[in-house]
Amino acid sequence: MIINSFSNEDFSYIKENLKVINSEIAEAAIQSGRNPEDIRLMAVTKTVPCDKINFAINECGVNLIGENKVQEFLSKKDDLCLNGVEKHLIGHLQTNKVKKIISQVDMIQSVDSLNLANVISKEAQKLGKTINILLEINVGNEESKTGFDKGVLAQSLEQISNLEFVCVKGLMTIPPVCNNEKELEKYFQVMNEYYNELKNSKYKNFDFQILSMGMSGDYTQAIRFGSNLVRVGSAIFGARKYK
Ligand SMILES: *Cc1c(COP(=O)(O)O)cnc(C)c1O
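The following refers to the structure shown. Keep in mind the model is a prediction, meaning the values are calculated, not measured. Numbers given for residues are sequential positions, taken from 1 along each chain in its written order. Under the rules for a predicted model, residues below a pLDDT of 70 receive no local features and side-chain atom pairs below 80 are neither given nor counted, while totals for whole chains, interfaces and linings still include all residues. Only heavy atoms go into the side-chain values, all of them from the structure, while hydrogens and water stay out.

For strand β5 (residues 131-137), the tally of buried residues reaches six of seven residues, placing the bulk of the element in the interior. Strand pairing is defined by DSSP finding a minimum of two bridges between the two strands. The numbering of helices and of strands both runs from the N terminus, where a helix is a DSSP run of H or I of at least 4 residues and a strand a run of E of at least 2. Bridge count between strand β4 (residues 107-111) and β5: two bridges; the pairing is parallel. From the neighbouring strand, V111 faces β5, where its bridge partner is L135. Orient the strands so they point away from the viewer, and a crossover whose first-strand-to-second-strand path over the helix runs clockwise is right-handed. A crossover connection joins β4 to the parallel β5 through helix α5 (residues 114-127); in handedness this β-α-β unit is right-handed. Sheet analysis places β5 next to strand β6 (residues 166-173), joined by seven bridges and oriented parallel. Opposite L134, over in β6, you have G170 as the bridge partner. For every residue, the accessible area obtained with a 1.4 Å probe (protein chains only) is divided by the maximum for its type, and the residue is called buried under 20%, exposed over 50%, and partly exposed between those limits.

This is the structure we're talking about:
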């Protein structure tokens, strides 16, 4: 009998999953008249162990990862092969953790209040840096979710545009759970229109390039409605195991 108790785990399913996802991304891009290369795939790595993440980076060409929690990212980062890999924070950020994270990531996608944007700009100034951010939109106006309501954001735009040490690269959203495709597409459409409206605005620290929407269950629809960065976790790594 062969006892194989210490062999490396087989991660080949991650490669297979990524192959399927990349081809679906390409198909959705082409269907909507865009170049597949204009759509970026983020591997969402919350709760995923470092050896799996490193496999995705080293063996499957993943070059953009997203983590939700400051503490989790900081404790994993020294064990990750991050050369040439972009790191984004995508989860709610408490203002008292801003200082810890801004020098460690390339973008904060989850800027969900004027106050947070303010604190990021202040801490960035101390570092002599400009931090790239996305504004997170609560497109369904859900009470349970973080993010700007469109109305609140409209009132905050002027102030955000005066923050010298943040550069607003675009928008991010997590739409409400929808019972049907039409409803979901309506939210993606609203985001698409809002993105284009702000892209054409003249705010001096706005440099719109990223519309971040679409997750494991809906990335192809999101791409059809203009998303150019999809954030995919469980479809790559399998269902998350929360401790
Ligand atoms: C967890 C998470 C994702 C990925 O979710 P999946 O459904 O596993 O693809 C994307 N975006 C954010 C902000 C997340 O927290």
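Right, let's get into empty space enclosed by the protein. Definitions used throughout: a 1 Å grid over protein atoms alone; a cavity as a set of points that fits a 1.4 Å probe which cannot get out; a pocket as an open set with protein on both sides within 12 Å along at least five of seven lines; a lining residue as one with an atom within 4 Å of a point. Grid points are joined across faces, edges and corners, and a volume is the space filled by probe spheres set on the points. Enumeration according to the criterion identifies one cavity of 30 Å³ or more in this entry. For the largest cavity, the calculated volume is near 30 Å³. Elements with a contribution of two residues or more to the lining of the largest cavity: β2 (64-67) and β3 (86-89). Top contributing element to the lining of the largest cavity by residue count: β3, with three residues. Basically, the charged four are Asp, Glu, Lys and Arg, the nonpolar ten are Ala, Val, Leu, Ile, Met, Phe, Trp, Tyr, Cys and Pro, and anything else, Gly included, counts as polar. Tallied by class, the residues present in the lining of the largest cavity amount to four nonpolar, one polar and two charged.

It is characteristic of soluble globular proteins that their nonpolar side chains tend to be buried jointly. Counting 69 residues, the largest nonpolar core has I108, I120 and L171 as the members making the most contacts within it. Sorting elements by how many residues they give to this core places helix α7 (residues 181-199) first, with seven residues. In this analysis, two residues are considered to be in contact whenever any of their non-hydrogen atoms come within 4.5 Å of each other. When sequence neighbours within four positions are dropped, the list of residues in contact with L171 reads L134, L135, I137, M191, Y194, Y195, L198, F208, I210, L211 and S212. Grouped together as the second largest cluster of nonpolar side chains are nine residues, V44, L64, I90 and M172 included. Residues belong to one nonpolar core when they are buried, are Ala, Val, Leu, Ile, Met, Phe, Trp, Tyr or Cys, and are joined through side-chain atoms within 4.5 Å.

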